[in-house]
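# Architecture and fold: a report
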Amino acid sequence: MELTIHRLDPNNASDTVRWDDFVRGCAQATFFHRSGWQALIREVFRHDTYFLFAESGAGGGIRGVLPLGHVKSRLFGNALVSLPFSVYGGVAALDEQAASALEREAECLAERLGVDHLELRNVQRRHADWPLQDLYVTFRKPIEPKEEANLLAIPRKQRAMVRKGIKNGLTSHIDTSVDRFFALYADNVRRHGTPALPKAYFKALLRIFGPDCEVLTVCSPDGHPISSVLSFYFRDEVLPYYAGDASAARELAANDFKYWELMRRACARGLKVFDYGRSKQNTGSYAFKKNWGFEPTPLHYEYRLYKSDSVPQNNPSNAKYRLLIAAWRRMPIQLTNWLGPKIVRNLG
């Protein structure tokens, strides 16, 4: 069947609607394939985007999509990525013909742009001959239809932490703004030695994705916010994506309580999958999710190298960033919140 490849025009409402209709119905698609990411990446981070879709015949139906962002930085390199600021990406298609055609177009585009590499953040391996970044795993688990069954499915030690949070009188609330979330998130990432994404990014997430992006904040008995999570909703899944905790959260078991409240609310909504998201192997977040009874599934981030000799390691696990991380932890929060977005926009 004849295929044509097009670039999504964000001003073409008809094609944008068709794109999102396809994404909702395609089994390979994820929240990060939605068209809203194109406006977000352009507006907030000022990166060029190339959202490609394969169409059968003249005016036929969409058979595959591939969202791409061009991230160009003197410090971190020049890359074409599907998709920056996401954990899942790569091609989502109805058949191999459409998937291959989109990937070939992406390779041609990468060469025209002169990038160092093309990165496809695939869940499944597609190119055995491409170098692979095997640092990350994802954690997904079905949500049981009954609240009590979900609580009992949490291993005993972590279940005790959830009950501790309940006993401590913690409460959860759905916020209509990112203000409380951002204060906790920005302080949390500074303590870990990494830059924070700009507050404007989180505001844009709420604006662009509406009810499919939600902030849940946990408060202590005196009403003080101590833990918060920003989550995405896609089809019958919930994906907690960004989070932050105050120093007092650990003693009160607020982190476990927070994720239990998110799971409990998702169960009440009839959702089917809790996606605990990406973690680097053998890290604290990796161990935390395993302790909740989730099993890791490898993510296959595949690279087509053009000017690079090896897969880039632009992550905190890289030893060359150790001194920078230590220095970042000592900086005032006002300085890191100002400087962080200028750095992190180029990490993607």
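Residues numbered from 1 in each chain as written. Predicted model: local features only at pLDDT ≥ 70, side-chain atom pairs only at ≥ 80, totals over all residues. Heavy atoms only, no water.

### Things to note about the overall build of the protein
- Helices and strands together make up the secondary structure of the protein, namely twelve helices and 15 strands.
- Considering the protein as a whole, with its 348 residues, one finds that 54% of them fall into the buried category.
- Put simply, 72% of the contacts in the protein that link residues at least 6 apart link residues at least 24 apart.
- Accessible surface, the protein: about 16,100 Å² in total, of which carbon and sulfur atoms supply 51%. (Helix = DSSP H or I, 4+ residues; strand = E, 2+ residues; numbered from the N terminus. Buried < 20%, exposed > 50% of the residue type's maximum accessible area, 1.4 Å probe, protein only. Contact = heavy atoms within 4.5 Å. Areas by Shrake-Rupley, 256 points an atom, 1.4 Å probe, with all protein chains shown as cover.)

### Focus: the nonpolar core
- In this structure, W37, Y185, Y201, F202, L205, F232 and Y242 are the most contacted members of the largest nonpolar core, which totals 51 residues.
- It is helix α7 (residues 199–209) that contributes the most residues to this core, six residues altogether.
- Counting contributing residues, this core receives three or more from each of domain 1 (3–136 + 300–312) and domain 2 (144–271).
- Look past the residues within four positions of Y201 in its chain and what remains in contact with it is W37, L40, V44, F45, F85 and Y242.
- The next biggest cluster of nonpolar side chains, apart from the first, holds 29 residues, and it includes I143, V238, A249 and C267. (Core = buried A, V, L, I, M, F, W, Y, C linked by side-chain atoms within 4.5 Å. Domains from an automatic or database assignment.)

### Considering the side chain of R121
- Structurally, the position occupied by R121 is in strand β6 (residues 117–122).
- Judged by its relative accessible area of 7%, R121 falls in the buried class.
- Here the side chain of R121 touches S86 through a polar contact of 2.8 Å, landing on its backbone oxygen. (Polar contact = N/O pair within 3.5 Å; in protein donor to acceptor, adjacent residues only side chain to side chain.)

### Topic: the pairing of strand β13 (residues 273–280)
- Burial analysis of β13 places six of its eight residues in the buried class, which makes it a mostly covered element.
- Examined bridge by bridge, strand β12 (residues 237–245) and β13 share two bridges and lie parallel to one another. Bridge pairing in β13 links V238 to F274. (Pairing = 2+ DSSP bridges.)

### Considerations on the packing of aromatic side chains
- Tallying each qualifying case throughout the model produces 36 aromatic pairs.
- Centroid distance F45 to Y201: 5.3 Å. Interplanar angle 55°. Geometry classified as tilted. Placement of F45 in helix α2 (residues 36–45) and of Y201 in helix α7 is noted, with a sequence separation of 156 residues between them.
- For the pair Y185 and Y242, a centre-to-centre distance of 6.2 Å together with 75° between the ring planes defines the contact as edge-to-face. Here the residue Y185 occupies a position in helix α6 (residues 179–191), and Y242 occupies one in strand β12, the gap between them amounting to 57 residues.
- Over the face of the ring belonging to Y233 we find R269, whose NZ or CZ atom lies 4.0 Å from the ring centre. (Phe/Tyr/Trp six-rings, centres within 6.5 Å; stacked < 30°, edge-to-face > 60°. Lys NZ or Arg CZ within 6 Å of the ring centre and 35° of its normal.)

### A closer look at unusual backbone geometry
- With omega at 10°, the peptide bond leading from S82 into L83 counts as cis.
- Looking at the element boundaries, L83 is found in the loop between β4 (77–82) and β5 (92–93).
- For F85, which is not a glycine, the phi torsion comes out positive at approximately 65°.
- As for its position among the elements, F85 is in the loop between β4 and β5.
- Despite not being glycine, N282 shows a phi value in the positive range, around 60°.
- By secondary structure assignment, the location of N282 is in the loop between β13 and α10 (284–291).

### A short note on the environment of F51
- With respect to the secondary-structure elements, F51 resides in strand β2 (residues 48–56).
- A sequence separation of 16 residues divides F51 from S35, and the C-alpha atoms of the two residues are 8.0 Å apart.
- Other than its neighbours up to four places away in sequence, F51 contacts H6, R7, L8, W19, R34, S35, W37, Q38, L66, P67, L68 and L83.

### Some words on the pairing of strand β3 (residues 62–73)
- Burial analysis of β3 places eleven of its twelve residues in the buried class, the great majority of the element.
- Bridging between β2 and β3 involves eight bridges; their strand directions are antiparallel. Bridged to L52 within β3 is L66.
- The pairing of β3 with β5 spans two bridges and is classified as antiparallel. In the strand pairing of β5, V65 is matched with A92.

### Details of helix α3 (residues 96–113)
- Compared with the 26 Å implied by 1.5 Å per residue over 18 residues, the 25 Å span of α3 between its first and last C-alpha is a close match.
- Residues of α3 that are buried include every one of A98, A99, S100, A101, L102, E103, A106, E107, L109 and A110, and no others.
- Of the residues flanking the end of α3, it is G114, one or two places downstream, whose phi is positive at about 70°. (Expected span 1.5 Å × (residues − 1).)

### Comments concerning the environment of K72
- Among the secondary structure elements, K72 is positioned in strand β3.
- Each C-alpha atom, one on K72 and one on D116, is 9.5 Å from the other, the two residues being 44 residues apart in sequence.

### Looking at the pattern of salt bridges
- This structure, assessed with the given rule, holds 20 salt bridges.
- Residues E103 and R126 are paired through a salt bridge, measuring 2.6 Å at the closest nitrogen-oxygen approach. Separated by 23 residues along the polypeptide, E103 in helix α3 and R126 in the loop between β6 and β7 (132–133) bring together distant segments of the chain.
- A residue is classified by how much of its surface remains accessible, and E103, at 3% relative accessible area, is buried.
- Residue E107 pairs with R304 through a salt bridge whose shortest N-O separation is 2.9 Å. You can see E107 sitting in helix α3 and its partner R304 sitting in strand β15 (residues 300–305), a full 197 residues away along the chain.
- On the accessibility criterion, E107 (19% relative accessible area) is buried.
- Judged by relative accessible area, which is 29%, R304 ranks as partly exposed. (Salt bridge = Lys/Arg side-chain N within 4 Å of Asp/Glu carboxyl O.)

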